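Next come the chains, spelled out residue by residue.
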Amino acid sequence: IQQVQQSVIVCGHTHVPFLRKVSGKTIVNPGSVGLPSGAQGACWALLGPDLTFIETPFDRKQAAKEIRNTGAPYAWEFAEHILHPLVSGP
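Residues numbered from 1 in each chain as written. Predicted model: local features only at pLDDT ≥ 70, side-chain atom pairs only at ≥ 80, totals over all residues. Heavy atoms only, no water.

Engineer: What is the right way to look at the sheet that holds strand 1 (residues 8-10) in this model?
Structural biologist: The strand order across the open sheet formed by three strands is 1-3-2, and the pairing between neighbours is mixed. Across the chains shown, the open sheet's two edge strands, defined by having one partner strand only, are strand 1 and strand 2 (18-22). In this sheet, neighbouring strand axes are inclined to one another by 20 degrees on average, regardless of whether the strands run parallel or antiparallel. One ladder, built from three bridges, connects strand 1 with strand 3 (residues 25-29); its direction is parallel. Across the sheet, Val 8 pairs through a bridge with Thr 26, a residue of strand 3. (Pairing = 2+ DSSP bridges. Helix = DSSP H or I, 4+ residues; strand = E, 2+ residues; numbered from the N terminus. Axes fitted to C-alpha atoms, helices over the stretch in contact; angles between N-to-C directions.)

Put into structure tokens, the structure is as follows:
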């Protein structure tokens, strides 16, 4: 992290929103729009002079139905997660 010149680093993949300060850098994970953990809506962040974490509600039943109808690999599992998001934390 010492080699990174930028003061704000945005990352992903954990599906859980967070803000951390490490070695003088701000590390932001906005969460997940498509596969949020422990959230009832799509998680994202607005970056500007301030940081705002936002959760946008959506019709999870309709989304699950449409996902199942795609025939994509793991569509049923993905749809189930949309209906019953995993709870994060201890």
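After that view, the rundown keeps rolling.
Engineer: Would you take a moment to explain helix 2 (residues 75-83) for this structure?
Structural biologist: Think of an α-helix as 3.6 residues a turn; residues three or four steps apart then line up on the same face. Looking at helix 2, one finds that the buried residues are Ala 75, Ala 79, His 81 and Ile 82. Viewed end-on, helix 2 has its buried residues packed into an arc of 160 degrees, placing them on one side of the element. The exposed set on the far side of helix 2, more than 90 degrees from its buried face, consists of Trp 76 and Glu 77. The inward-facing, buried residues of helix 2 contact helix 1 (60-68). (Buried < 20%, exposed > 50% of the residue type's maximum accessible area, 1.4 Å probe, protein only. Arc of directions from axis to C-beta. Contact = heavy atoms within 4.5 Å.)

Engineer: Could you clarify how one ought to interpret the side chain of Asn 29 in this entry?
Structural biologist: Mapped onto the elements, Asn 29 comes out in strand 3. A polar atom in the side chain of Asn 29 sits 2.7 Å from the side chain of Thr 14. A polar side-chain atom of Asn 29 sits 2.8 Å from the main-chain amide nitrogen of Gly 31. Contacts of Asn 29, omitting those with residues within four sequence positions, involve Cys 11, Gly 12, His 13, Thr 14, His 15, Val 16, Pro 17, Phe 18 and Phe 53. (Polar contact = N/O pair within 3.5 Å; in protein donor to acceptor, adjacent residues only side chain to side chain.)

Engineer: Sorry, what's going on with the pairing of strand 2 here?
Structural biologist: The side chains of a regular strand alternate, residue by residue, between the two faces of the sheet. Across five bridges, strand 2 lies against strand 3 in antiparallel orientation. Paired with Phe 18 across the two strands is Asn 29, which belongs to strand 3. Turn length for the strand 2-strand 3 hairpin, with the two strands adjacent in sequence and antiparallel, is two residues, and the turn residue Ser 23 shows positive phi of about 50 degrees.

Engineer: Sorry if this is basic, but what is going on with the packing of helix 1 against helix 2 here?
Structural biologist: Geometrically, a packed helix pair is captured by the angle between its two axes and the distance between the axes. Running from N to C, helix 1 and helix 2 cross one another at 175 degrees; their axes reach a closest spacing of 8 Å. As far as their axial angle goes, helix 2 and helix 1 are roughly antiparallel. Taken together, the residues of helix 2 that come into contact with helix 1 (itself represented by Arg 60, Lys 61, Ala 63, Ala 64, Ile 67 and Arg 68) are Ala 75, Trp 76, Phe 78, Ala 79, Glu 80, Ile 82 and Leu 83. A per-class count over the contact of helix 1 with helix 2 returns nine nonpolar, no polar and four charged. (Parallel < 35°, antiparallel > 145°, perpendicular 65-115°, else oblique. Nonpolar A, V, L, I, M, F, W, Y, C, P; charged D, E, K, R; others polar.)

What is shown is where atoms sit, not what they do.
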